[in-house]
Amino acid sequence: MLAREHWTPLNVAKMASEFLVTRDGDRVLDIGSGVGKFCLSASYYKPHAFFDGIEQRSSLVQHAVAARKVLGLVNASFFYGNFTRLNFSAYNHFYFYNSFFENFEGFDKIDNSIEYSQALYHYYSGYLFNELDKMPAGTRIVTYCSWQDEIPPSYSLERSELDGLLKFNLKT
Ligand SMILES: C[S@@+](CC[C@H](N)C(=O)[O-])C[C@H]1O[C@@H](n2cnc3c(N)ncnc32)[C@H](O)[C@@H]1O
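Residue positions are given per chain, counted from 1 along the sequence in the order it is written. Whole-chain, interface and lining totals are the exception, using all residues; otherwise, since this is a predicted model, local features are given only for residues with pLDDT of at least 70 and side-chain atom pairs are given and counted only at 80 or more. Hydrogens and water molecules were not included; the side-chain quantities draw on all heavy atoms of the structure.

**Overview of the side chain of serine 33**
- Segments assigned H or I by DSSP are reported as helices when at least four residues long, segments assigned E as strands when at least two residues long, and all are numbered from the N terminus. For serine 33, the location among the structural elements is in the loop between β1 (27-31) and α3 (37-45).
- Here serine 33 falls in the buried class, since its relative accessible area comes to 5%.
- Contacts are residue-level and defined by heavy atoms, with any inter-residue pair within 4.5 Å sufficient. Those residues in contact with serine 33 that sit more than four places away from it in its chain are Gly53, Ile54, Glu55 and Phe78. Buried means the residue's accessible area, taken with a 1.4 Å probe over protein chains only, is under 20% of the maximum for its type, while exposed means over 50%, and partly exposed covers the values in between.

**Details of the packing of aromatic side chains**
- Classification of ring pairs rests on two measures: the distance between centres of Phe, Tyr or Trp rings, Trp counted by its six-membered ring, which must be within 6.5 Å, and the angle between planes, read as stacked under 30 degrees, edge-to-face over 60 and tilted in between. By the definition in use, this model includes 21 aromatic pairs.
- Relative to phenylalanine 94, the ring of phenylalanine 88 has its centre 5.1 Å away and its plane inclined at 25°; by these criteria the two rings are stacked. A single burial state applies to phenylalanine 88 and to phenylalanine 94, both of which are buried.
- With a centroid separation of 4.5 Å and an interplanar angle of 45°, the aromatic rings of phenylalanine 101 and tryptophan 147 are classed as tilted.

**Things to note about the sheet that holds strand β7 (residues 166-171)**
- Strand order across the open sheet formed by seven strands is β3-β2-β1-β4-β5-β7-β6, with mixed pairing between neighbours. Both outer strands of the open sheet, β3 (76-80) and β6 (155-161), are each paired with one neighbouring strand and no more. Ignoring which end each strand starts from, the neighbouring axes of this sheet average 20° apart.
- Each pair of strands is called paired provided DSSP finds at least two bridges between the two strands. Relative to strand β4 (residues 93-97), β1 runs parallel, the two being bridged by three bridges. Along β4, the bridge assignment pairs valine 28 with histidine 93.
- Taken strand by strand, helix α5 (residues 118-134) contacts β1, β4, β5 (140-144), β6 and β7, and its axis lies near 45° from that of β7. Simply put, an axis is a line fit to the C-alpha atoms, just over the touching stretch for a helix, and the angle between two N-to-C directions goes from 0 to 180 degrees.

**With respect to the pattern of salt bridges**
- One speaks of a salt bridge when a side-chain nitrogen belonging to Lys or Arg is within 4 Å of a carboxyl oxygen belonging to Asp or Glu. The tally for this structure, following the rule as stated, stands at six salt bridges.
- With a closest N to O distance of 3.5 Å, glutamate 18 and lysine 46 form a salt bridge. Of the two residues, glutamate 18 is situated in helix α2 (residues 10-20) and lysine 46 in the loop between α3 and β2 (50-55); the sequence distance between them amounts to 28 residues.
- Judged by its relative accessible area of 44%, glutamate 18 is partly exposed.
- Given the relative accessible area of 18%, lysine 46 is considered buried.
- Among the ionic pairs, arginine 23 bridges to aspartate 26, the shortest N-O distance being 3.9 Å.
- Arginine 23 sits in the exposed class, given a relative accessible area of 55%.

These values are about where atoms sit, not about what they do.
Dropping the structure here:
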């Protein structure tokens, strides 16, 4: 149940990583990495790029780190904390699977370990919007199941797949 609603499907990770990685050594951040499914699968598909995940639930980070060890992937890393504490300039590109939707009533929750509020949705979306706006031209972000509230107008929508659920954005 959690997997279907909260973790990225493999075909999505493949399409997203194809768009996000343009050069060897690119660094991609998954904003809200959960159990690490996007970073782990993308690091398998793109062994010459690096995928970091930031996640606010420590138990999920522990699952991601354990899975990385079992899979022997050396180009994925996971960090515990709020994405607002990260330095975005350390990354070239970003992946975002509607991480803030949990804050709305009526959306399924992963668990009850954190506080939810619509104010947090707007705060996080606004914070991400500002960080993305500061990134240089050429920055890419793929969103999955997002309303794109966090994507500034300085990004153009290059294409979309899966009936518009998966969107490929490029900073111009
Ligand atoms: C829909 S899941 C996506 C997980 C993963 N990116 C994937 O695609 O499989 C969103 C995750 O974002 C995390 N999250 C939400 N807000 C966050 C924040 N402010 N900082 C860090 N992680 C956050 C949630 O705990 C959840 O695990």
